[in-house]
Amino acid sequence: MKKAVFISLAVLFFAVGAFAQETNKLDAEGKKHGLWKGVHDESKRPRFEGTFDHGKETGTFKFFDDTKAGSLIATREFRADGTVYNIFFNQKGSKVSEGKLVNKQYEGEWKYYHENSPAVMTLENYKNGKLVGKRTVYYKNGKLAEETNYSDGVKNGPYKKYAENEKSVVLEEVNFVNGKEEGQAVYRNADGTFASKGRYENGQKKGIWEFYKNGKLDRKEKYPLQRKFQKLPPRKDY
């Protein structure tokens, strides 16, 4: 009986040892090949697992946080065309963001989600790691919150911000040129009444700006503002 138990345990340990040898292997040229599993340096908890094909990542890699739960916090799908599709999760398993990398740079559409929700919060588009085209932000109920236009990573074109109400009032209308406000701008309250309006030049308020209170014109100011300096009494030497 004891001999049978010993043989069974020996077979088990051999099987475990053989399985262990099937991970973290190198090919004849010293390149990673097959299934690899990494650990966090201090805790030695699982950090990642994925498959290499003679030094090149292939398929889907999984990444885990440094906790006892070992929650999945990211996946990276290495595709045949050289792109890498990334999905990031929070510790509750909800998506945080997802999108594609090309040469380790953001490319194409990226999505960002509201916290612990499948609702999309932000849509962005990238080219060579820089924002291009329209960037849109949404409220959790799906209504549009912001629209911004980009070229080569810099704000260029109209920007609009919307109220989270039934009318989706446009709260802000501003134009950008090379990252700075330029031209006519309008600011409104949530009920649609004017708050202020005027003109920008190179990111600075210029000319006459109108400011409203309760929907009615309250005052006008000319920009740049002229500072009034108070005259000081003559200096006395002591």
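Residue numbers restart at each chain and count upward from 1, following the sequence in its written direction. Per-residue local features of the predicted model are confined to residues with pLDDT of at least 70, and side-chain atom pairs are confined, for both listing and counting, to 80 or more; whole-chain, interface and lining totals are unaffected and use all residues. Heavy atoms throughout the structure, all of them, feed into the side-chain values; hydrogens and water do not.

1. Thoughts on the packing of aromatic side chains
Convention followed: Under the pairing criterion, centres of Phe, Tyr and Trp rings, with the six-membered ring standing for Trp, must be within 6.5 Å; the plane angle then separates stacked pairs below 30 degrees from edge-to-face pairs above 60, leaving the rest tilted. Note on conventions: DSSP H or I runs of at least 4 residues are helices, E runs of at least 2 residues are strands, and numbering of each starts at the N terminus. Each residue's exposure class comes from its accessible area (1.4 Å probe, protein chains only) as a fraction of the maximum for that residue type: buried when under 20%, exposed when over 50%, partly exposed otherwise. When the NZ atom of lysine or the CZ atom of arginine is within 6 Å of a ring's centre and also within 35 degrees of its normal, the charge is said to sit over that ring.
Evaluation of the coordinates by the stated rule reveals 14 aromatic pairs. The interplanar angle of 35° and the centroid separation of 6.2 Å between the aromatic rings of Phe-48 and Phe-63 together place this pair among those described as tilted. Separated by 15 residues along the polypeptide, Phe-48 in strand S3 (residues 46-53) and Phe-63 in strand S4 (residues 56-64) bring together distant segments of the chain. Like Phe-48, the residue Phe-63 is buried in the burial classification. Geometrically, the ring pair formed by Phe-52 and Phe-61 is edge-to-face, given 5.3 Å between the ring centres and 90° between the ring planes. Members of the aromatic cluster, joined through ring pairs, are Trp-36, Phe-48, Phe-52, Phe-61, Phe-63 and Phe-78. When the ring centre of Trp-36 is taken as reference, the NZ or CZ atom of Lys-32 above it lies at 4.8 Å. Positioned above the aromatic ring of Tyr-159 is the side chain of Lys-155, whose terminal nitrogen or guanidinium carbon lies 5.9 Å from the ring centre.

2. Some thoughts on the confidence of the model for the chain
Rule in force here: pLDDT gives the predictor's per-residue confidence on a scale running from 0 to 100. The contact criterion used is simple: two residues touch if any of their non-hydrogen atoms lie within 4.5 Å.
For the chain, mean pLDDT is 91; residues scoring 70 or higher make up 87% of the total. Contacts of residues 2-20 to residues separated by more than four positions or lying in other chains number zero contacts, the stretch itself having pLDDT below 50.

3. Digging into the layout of surface pockets
Unoccupied space between atoms shows up once a probe the size of one water molecule is rolled over them. Heads up, the rule is: Detection works on a 1 Å grid of protein atoms alone, calling trapped sets that fit a 1.4 Å probe cavities and calling open sets with protein on both sides within 12 Å along at least five of seven lines pockets, with lining residues defined by an atom within 4 Å of a point. Grid points are joined across faces, edges and corners, and a volume is the space filled by probe spheres set on the points. Note that Gly is not counted as nonpolar here; it falls among the polar residues with everything else outside the nonpolar set of Ala, Val, Leu, Ile, Met, Phe, Trp, Tyr, Cys and Pro and the charged set of Asp, Glu, Lys and Arg.
The volume enclosed by the largest pocket comes to roughly 400 Å³. Around the largest pocket, the lining comprises 20 residues; the ones closest to its centre are Glu-57, Arg-76, Phe-78, Val-84 and Lys-104. Breaking the lining of the largest pocket down by element, the ones donating at least two residues are S3, S4, strand S5 (72-78), strand S6 (84-89) and strand S7 (95-102). Classifying every residue of the lining of the largest pocket gives nine nonpolar, five polar and six charged.

4. Description of the nonpolar core
The test is simple: In this text, buried Ala, Val, Leu, Ile, Met, Phe, Trp, Tyr and Cys residues form a nonpolar core when linked through side-chain atoms within 4.5 Å.
Formed by 14 residues in total, the largest nonpolar core has its most connected members in Phe-48, Phe-61, Phe-63, Trp-110 and Tyr-126. Breaking this core down by element, the ones donating at least two residues are S3, S4, S5 and strand S8 (105-113). Residues in contact with Phe-61, not counting those within four places in the same chain, are Phe-48, Glu-49, Gly-50, Thr-51, Phe-52, Ala-74, Thr-75, Arg-76 and Phe-78.

5. Some thoughts on the pattern of salt bridges
For the record, the criterion: By definition, a salt bridge exists where a carboxyl oxygen of Asp or Glu is found within 4 Å of a side-chain nitrogen of Lys or Arg.
Under the counting rule described, the total for this entry stands at twelve salt bridges. When the shortest N-O distance is used, the salt bridge between Glu-221 and Arg-219 registers 2.9 Å. Judged by relative accessible area, which is 21%, Glu-221 ranks as partly exposed. For Arg-219, a relative accessible area of 38% gives the class partly exposed. Linked through salt bridges whose partners overlap, the residues forming this network are Arg-199, Glu-201 and Lys-206.

6. Topic: the pairing of strand S13 (residues 154-162)
Rules: Strand pairing requires that DSSP identify at least two bridges connecting the strands.
In this sheet, S13 lies alongside strand S12 (residues 144-151) in antiparallel orientation, the contact comprising five bridges. Each bridged residue has a counterpart across the sheet, and for Glu-147 the counterpart in S13 is Lys-160. Here S12 folds back onto S13, and the loop between the two strands holds two residues, one of which, Asp-152, carries a positive phi near 55°. Note that S13 and strand S14 (residues 170-177) share six bridges and pair antiparallel.

7. Let's talk about the pairing of S4
It is a general feature of regular strands that their side chains alternate between the two faces of the sheet. Here five bridges tie S3 to S4, and the two strands are oriented antiparallel to one another. Paired with Thr-51 across the strands is Thr-58, a residue of S4. Taking the residues between adjacent antiparallel strands as the criterion, S3 and S4 are bridged by two residues, where His-54 takes a positive phi near 50°.

8. Let's talk about unusual backbone geometry
Cis geometry is found at the peptide bond from Tyr-223 to Pro-224, where omega equals 0°. Looking at the secondary structure, you find Pro-224 in the segment after strand S19 (216-223). Although it is not a glycine, Ser-168 sits at a positive phi angle of roughly 50°. Within the element layout of this structure, Ser-168 appears in the loop between S13 and S14. Non-glycine residue Asn-178 carries a positive phi angle of around 55°. Note on Asn-178: relative accessible area 59%, which makes it exposed.

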